[in-house]
Amino acid sequence: MSNDKSRDALSDAPIPQRNNSAEVVNSGSPLDVVLWIVALILLVGAMMTNQHLPAYWAPANDVWVRVGVILACIVVALGLLYATHQGKGFVRLLKDARIELRRVTWPTKQETVTTSWQVLAVVVIASIVLWCFDYVLGWLMKFIIG
């Protein structure tokens, strides 16, 4: 038997490993850098649209035109970010998180209520103890200082 931890103890066959999302994401290509810059410019433009666009484009005086331009900038920026390696890795992370949330065993209502009361009791007791400690220290300081 080898010391390789990725092998099964009984059959010495390799255990299939699932790629970790953090390991799959490669460093960005030059195209990714360009996509990030364009997406950031679009997001900054979306933030500045409401204030500055009506001065340069007459139809932007209508609120709904500005809302449409802002939403279009945000949608295009998110689409560009998705096209990068990091964007695809982030979407993969969200999918994996959704799968993990399905596996969670959520507490029942009774367990939640019981735990909440226990937390409330601990907070109240801790606050009373800290108040007493503060009161004693304050009294001690007054006694020492005069």
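Residues numbered from 1 in each chain as written. Predicted model: local features only at pLDDT ≥ 70, side-chain atom pairs only at ≥ 80, totals over all residues. Heavy atoms only, no water.

A.B. asks: Sorry, what's going on with the overall build of the protein chain here?
C.D. replies: When helices and strands are tallied, the protein chain shows five helices and zero strands. The secondary structure elements of the protein chain, listed N-terminal to C-terminal, are α-α-α-α-α. Across the 146 residues in the protein chain, those meeting the buried criterion constitute 11%. Taking contacts inside the protein chain between residues at least 6 apart in sequence as the whole, the part at least 24 apart equals 55%. (Helix = DSSP H or I, 4+ residues; strand = E, 2+ residues; numbered from the N terminus. Buried < 20%, exposed > 50% of the residue type's maximum accessible area, 1.4 Å probe, protein only. Contact = heavy atoms within 4.5 Å.)

A.B. asks: Would you take a moment to explain the environment of N50 for this structure?
C.D. replies: For N50, the position within the fold is in helix α2 (residues 30-56). According to the relative accessible area criterion, N50 is partly exposed, its value standing at 47%. Separated by ten residues in the primary sequence, N50 and A60 have C-alpha atoms spaced 8.5 Å apart. Look past the residues within four positions of N50 in its chain and what remains in contact with it is R66 and I70. Polar side-chain contacts of N50 include one of 3.5 Å to the side chain of R66. (Polar contact = N/O pair within 3.5 Å; in protein donor to acceptor, adjacent residues only side chain to side chain.)

A.B. asks: What am I meant to see in the pattern of salt bridges here?
C.D. replies: Any two side chains of opposite charge can pair, on the condition that their charged atoms come close. Summed over the entire model, instances satisfying the criterion amount to one salt bridge. The salt bridge partner of R103 is E100, with a shortest N-O separation of 2.8 Å. Remark: E100 and R103 occur in helix α4 (residues 85-103); sequence separation between them is three residues, near one turn of the helix. (Salt bridge = Lys/Arg side-chain N within 4 Å of Asp/Glu carboxyl O.)

A.B. asks: Can you help me understand a nonpolar patch on the surface in this one?
C.D. replies: A contiguous nonpolar surface patch, about 920 Å² in accessible area, is contributed by F133, L137, W139, L140, M141, F143, I144 and I145. Position of L137 relative to the elements: it lies in helix α5 (residues 109-145). (Patch = residues over 30% accessible without salt bridge, like charges linked within 9 Å, V, L, I, M, F, W, Y side chains within 5 Å. Areas by Shrake-Rupley, 256 points an atom, 1.4 Å probe, with all protein chains shown as cover.)

A.B. asks: Explain the UniProt feature "transmembrane region" (unreviewed entry) in the protein chain to me, please; I cannot follow it from the model alone.
C.D. replies: Taken from the UniProt record, the annotation "transmembrane region" (unreviewed entry) applies to residues 33-51, 63-83 and 117-140. Its end C-alpha atoms 28 Å apart, residues 33-51 is made of 100% helix and 0% strand. In the segment residues 117-140, helix accounts for 100% and strand for 0%; the C-alpha atoms at its two ends are 34 Å apart. (UniProt positions renumbered as here; feature names shortened; annotations may be inferred.)

A.B. asks: I keep staring at the packing of aromatic side chains and nothing clicks. Help me out?
C.D. replies: The description of two aromatic rings rests on the distance between their centres and on the angle between their planes. Counted by the stated rule, this structure contains two aromatic pairs. Pairing W131 with Y135 gives two aromatic rings, centres 5.8 Å apart and planes at 25°, and the pair type is stacked. Taken together, the residues span about one helical turn, with W131 and Y135 both in helix α5 at a distance of four residues. Each ring, one from W139 and one from F143, has its centre 5.7 Å from the other, and the planes form 15°; the classification is stacked. With a gap of four residues between them, W139 and F143 both fall in helix α5, about one helical turn apart. (Phe/Tyr/Trp six-rings, centres within 6.5 Å; stacked < 30°, edge-to-face > 60°.)

A.B. asks: Could you clarify how one ought to interpret α2 in this entry?
C.D. replies: An α-helix turns once per 3.6 residues; consequently, residues spaced three or four apart project the same way. End to end, α2 covers just 33 Å across 27 residues, shorter than the expected 39 Å (1.5 Å per residue, more than 12% under). T49 marks the point of greatest bend in α2, at about 75°. (Expected span 1.5 Å × (residues − 1). Bend = angle between axes of the 7 residues up to and from the residue.)

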